[in-house]
Amino acid sequence: MIMKNEFDFDIVVIGGGHAGIEAALAGARMGCRTAMITMSRQAIGRMSCNPAIGGLAKGQLVKEIDALGGEMGYATDLAGIQFRMLNRSKGPAVQSRRAQCDRALYSELMIAAISGQANLEIIEGEVIDLIIYESRCQGVTLAGGQKIASQTVIITAGTFLNGLIYRGLERIPAGRIDEAPAIGLSQRLQSLGVQTGRLKTGTPPRLDGNTIDFSNCQAQPGDTPPPFFSNRTDPSRHVEQIFCHLTYTNEDTHRIIRDNLHLSPMYSGAIKGIGPRYCPSIEDKVVRFAEKPRHQLFLEPEGMRISEYYLNGFSSSLPAETQLAALHTIPGLEQVEMTRPGYAIEYDFFPPHQVYATMESKVIPNLYFAGQVNGTSGYEEAAAQGIVAGINAASKVRHEPEFRLSRSEAYIGVLIDDLVTKSTTEPYRMFTSRAEYRLNLRDDNAEERVLEKGRQLGLIGDHIYHQFIHRQKLRGELVARLKSEKIALDDNGDGLQRRVSAYEALRNPRLEIGAFSIYNEASDQYGQRILCDLINEVRYEGYIIRQDRRVERMRRLESHRIPWGLDFGRLKGLKKEAAQKLSHFKPETLGQASRISGVTPGDITILMVHLGRTR
């Protein structure tokens, strides 16, 4: 039996990856005694796949993590060696930041952040069991037999649970290359009633940059000035940016891959887990898109201090000699040498319909899941779940309200809602198309959406908060000025000018603001960032008003709570399929129920009537 005063920690975080880092830092920064248990201190923050952060929709996740007081964006800014804003030719709602990082430096920064954080202790070891008392998780047991009691536990084990690496006919038990897997914890969770499954992901070969002929590749520079992620980063900070390069596969490459498919564990049947649909292996691309004569590949540097390159787009589990033969057919890689072949990894995960939107288990109270163990793919998705799990574990310890983000507030809200209402049978990846309110969820307004919440949680310090309030004040002054000043505008292109407010004129997407002194003066006085953010807001204003009406309708559904344990099978009028789906997913609100596949608006009406009667 564990008494309350016998707890060693308030929060135990299992794993030192991207989810574990944000969970542990959030818990410690909220004043809870927190332990991070990892097999190796030196592996904290390791970028096991591409050393890049951000990308389409993923950049928004990083901005939101930063606005909540997380670490990923700041570490990226300090470790970044190339920064770009993607989709510049499209609207602001689908633009996202991306940064190539120095792999070693990123990990060093995260180790330093964890090691220097008050209330946070690093424990090296392997968790093999959970301490369960009165059906609640109250700590963990390490491989050596040591028991660590805690009020809450967060599992962020990534690909380590029964991890198995495949390369050709080789099978290597591992969580990452040269790192041992975690054995036994999945089976223990199964015995406690948690459902498990298997997923697969992969990584490309690493290449010796000294053996690449970059003259046969297309250079891709970074943006100047760099589009940083974090509100903690000095915007004038100088970065020595490195070029990335673009090259392509060809028919010779595809022929070698097709001729050796029988050696791929994906096609021989050795791998049972489902791989990522939107980041397929090169074998998958050649088979599924047989009509394509070539596929894009990006040569991305691994760091400033080494000459190693990551070949983005060439994830493979073929034998090493086959990978090398295929690489030698690609422009620029004719003489390339591999520093490490690509491989696939299969691992256990826990279908995420088993967690609440707080990331707490529906099966075992006080136990939280975050990251790839919930079936997601990507550093950013993992970190987003990690910070939400850490905040909620700390809130539970402190007897404070749960922390949740809705779909209309943040991409983090979209991510978690998709997981708990739709679950997943393949690695989940975030896209802008998954967010029905993406006009509101832009890269440029993450602070306006969630920073106040980070402040209330105690994760945003005075300096950052006062900077934010100052920018809001300047923005208000700029709006007032633009509304009061008139400019002459020929917005129909007929040569006839009309006088409108400078604010109203911004609605015209054809407006060349550089031609008007008022906008140049505004940029000098208030800053380019404030002016550009305002322009985006004004041009989307009409659409956002309509979208806000839909948000309000959905908010009413979210306010209708569904009692835990409701027997959906006994509700008259509810279709059998809907009753089965609702019983499986156990939605907490009518809003969640409405987003479950197979549940119709008619089913929601029946549920609403029933809930009205029971009230």
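Residues numbered from 1 in each chain as written. Predicted model: local features only at pLDDT ≥ 70, side-chain atom pairs only at ≥ 80, totals over all residues. Heavy atoms only, no water.

Colleague: Please set out the pattern of salt bridges residue by residue, giving values where relevant.
Modeller: Following the criterion strictly, the structure yields 45 salt bridges and no others. The shortest N-O distance in the salt bridge between Arg407 and Asp418 comes to 2.8 Å. Here Arg407, found in the loop between helix H10 (379–397) and helix H11 (411–422), pairs with Asp418, found in helix H11; they are 11 residues apart in sequence, far enough to count as distant. Judged by its relative accessible area of 4%, Asp418 is buried. (Salt bridge = Lys/Arg side-chain N within 4 Å of Asp/Glu carboxyl O. Helix = DSSP H or I, 4+ residues; strand = E, 2+ residues; numbered from the N terminus. Buried < 20%, exposed > 50% of the residue type's maximum accessible area, 1.4 Å probe, protein only.)

Colleague: Go over the environment of Ile114, please, and point to the residues and values.
Modeller: Among the secondary structure elements, Ile114 is positioned in helix H4 (residues 103–115). We classify Ile114 as buried; its relative accessible area is 0%. Between the C-alpha atom of Ile114 and that of Gly269, which follows or precedes it by 155 residues, the distance is 41 Å. When near neighbours in sequence (up to four residues on either side) are disregarded, Ile114 contacts Ile21, Leu25, Met36, Ile44, Leu120 and Ile122. (Contact = heavy atoms within 4.5 Å.)

Colleague: Requested: an account of the sheet that holds strand S17 (residues 308–312), with residues and values cited.
Modeller: A sheet is described by the order of its strands in space; here 6 strands give the open sequence S14-S15-S16-S17-S13-S18, paired in antiparallel fashion. The outermost strands of the open sheet, each flanked by one partner alone, are strand S14 (218–220) and strand S18 (338–340). Pairwise comparison of adjacent strand axes, ignoring direction, gives a mean angle of 35° for this sheet. In this structure, strand S15 (residues 244–248) lies alongside strand S16 (residues 296–301), joined through 4 bridges in antiparallel fashion. Each bridged residue has a counterpart across the sheet, and for His245 the counterpart in S16 is Leu299. Docked against the sheet, helix H9 (residues 320–327) engages strand S13 (206–208), S17 and S18, running at close to 145° with respect to S18. (Pairing = 2+ DSSP bridges. Axes fitted to C-alpha atoms, helices over the stretch in contact; angles between N-to-C directions.)

Colleague: Describe the nonpolar core, listing the residues and the values that go with them.
Modeller: Counting residues in each nonpolar core, the largest one holds 101 residues, and the members touching the most others are Val12, Tyr106, Val140, Ile155, Leu189, Leu367 and Ile412. Considering each element in turn, this core owes the most residues, 11 residues, to H10. Look past the residues within four positions of Leu189 in its chain and what remains in contact with it is Leu130, Ile155, Val194, Phe350, Ile364, Leu367 and Phe369. Within the second largest apolar cluster, 22 residues are counted, among which are Ala502, Ile518, Ala522 and Tyr526. (Core = buried A, V, L, I, M, F, W, Y, C linked by side-chain atoms within 4.5 Å.)

Colleague: I'd like a rundown of the sheet that holds strand S3 (residues 52–54), residues and numbers included.
Modeller: The strand order S3-S5-S4 describes an open sheet built from 3 strands, whose pairing is antiparallel. The sheet is open, and its two edges are formed by S3 and strand S4 (80–86), each paired on a single side. Taking the axes of each pair of neighbouring strands and ignoring which way they run, one obtains an average angle of 15° across the sheet. Where S3 and strand S5 (residues 96–101) come together, 3 bridges link them in antiparallel fashion. Bridged to Gly54 within S5 is Arg98.

Colleague: Give me the lowdown on a positive patch on the surface, citing residues and values where you can.
Modeller: A cluster of like positive charges, contributed by Arg546, Arg549, Arg550, Arg553 and Arg556, occupies part of the molecular surface. By secondary structure assignment, the location of Arg553 is in helix H16 (residues 528–558). (Patch = residues over 30% accessible without salt bridge, like charges linked within 9 Å, V, L, I, M, F, W, Y side chains within 5 Å. Areas by Shrake-Rupley, 256 points an atom, 1.4 Å probe, with all protein chains shown as cover. Lys, Arg positive; Asp, Glu negative; His and termini not counted. Charge placed at Lys NZ, Arg CZ, Asp CG, Glu CD.)

Colleague: An account of the side chain of Thr211 is needed here, citing residue identities and associated values.
Modeller: Its place among the elements puts Thr211 in the loop between S13 and S14. A relative accessible area of 17% means that Thr211 is categorised as buried. A distance of 2.7 Å separates a polar atom in the side chain of Thr211 from the backbone oxygen of Asp208. A distance of 3.0 Å separates the side chain of Thr211 from the backbone nitrogen of Glu337, its partner in a polar contact. If sequence neighbours within four positions are ignored, Thr211 has contacts with Gly332, Gln335, Val336 and Glu337. (Polar contact = N/O pair within 3.5 Å; in protein donor to acceptor, adjacent residues only side chain to side chain.)

Colleague: Before we move on, can you summarise helix H2 (residues 58–67) with the specific residues and values?
Modeller: Residues three or four positions apart in an α-helix share a direction because the helix packs 3.6 residues into each turn. Where burial is concerned, most of H2 is hidden: 10 out of the 10 residues are buried. Looking at the residues trailing H2, positive phi occurs at Gly69, about 100°.

Colleague: Describe the packing of aromatic side chains, listing the residues and the values that go with them.
Modeller: The tally for this structure, following the rule as stated, stands at 6 aromatic pairs. For the pair Phe83 and Phe228, a centre-to-centre distance of 5.2 Å together with 80° between the ring planes defines the contact as edge-to-face. Note that Phe83 is positioned in strand S4 and Phe228 in the loop between S14 and S15, a separation of 145 residues in sequence. Between the aromatic rings of Phe516 and Tyr519, the centroid separation amounts to 6.0 Å while the plane-to-plane angle is 80°, which identifies the pairing as edge-to-face. Judged on exposure class, the residue Phe516 and its partner Tyr519 are both buried. (Phe/Tyr/Trp six-rings, centres within 6.5 Å; stacked < 30°, edge-to-face > 60°.)

Colleague: Quick rundown of the pairing of S15? Include the residues and the values.
Modeller: Across the 5 residues of S15, 4 count as buried, placing the element largely inside the fold. For S14 and S15, the ladder comprises 3 bridges, and the chain directions are antiparallel. Bridging across to S15, Gln220 finds its partner in Cys244.

Colleague: An account of the pairing of strand S11 (residues 170–173) is needed here, citing residue identities and associated values.
Modeller: When strand S10 (residues 164–167) meets S11, the two strands line up antiparallel, connected through 4 bridges. Bridged to Tyr166 within S11 is Arg171. Connecting S10 to the antiparallel partner S11 that follows it, the hairpin turn spans 2 residues, and Gly168 within it adopts a positive phi of roughly 60°.

Colleague: Explain unusual backbone geometry to me, and be specific about the residues and the numbers.
Modeller: Of all residues except glycine, most have a negative phi; of all peptide bonds, most are trans. The peptide bond linking Thr224 to Pro225 adopts the cis configuration, its omega dihedral lying at -5°. Along the chain, Pro225 turns up in the loop between S14 and S15. Although it is not a glycine, Ala57 adopts a positive phi angle of roughly 70°. Looking at the element boundaries, Ala57 is found in the loop between S3 and H2. Notably, Asn119 is not glycine yet its phi reads approximately 70°, a positive angle.

Colleague: I'd love a proper account of H11, names of residues and values included.
Modeller: In this model, H11 (12 residues) spans 16 Å end to end at C-alpha, consistent with the 16 Å of a helix rising 1.5 Å per residue. Three or more residues of H11 are buried, namely Tyr411, Ile412, Gly413, Val414, Leu415, Ile416, Asp417, Asp418, Leu419, Val420 and Thr421. Directly beyond the C-terminal end of H11, a positive phi value near 55° is found at Ser423. (Expected span 1.5 Å × (residues − 1).)

Read these as geometric descriptors, not functional statements.
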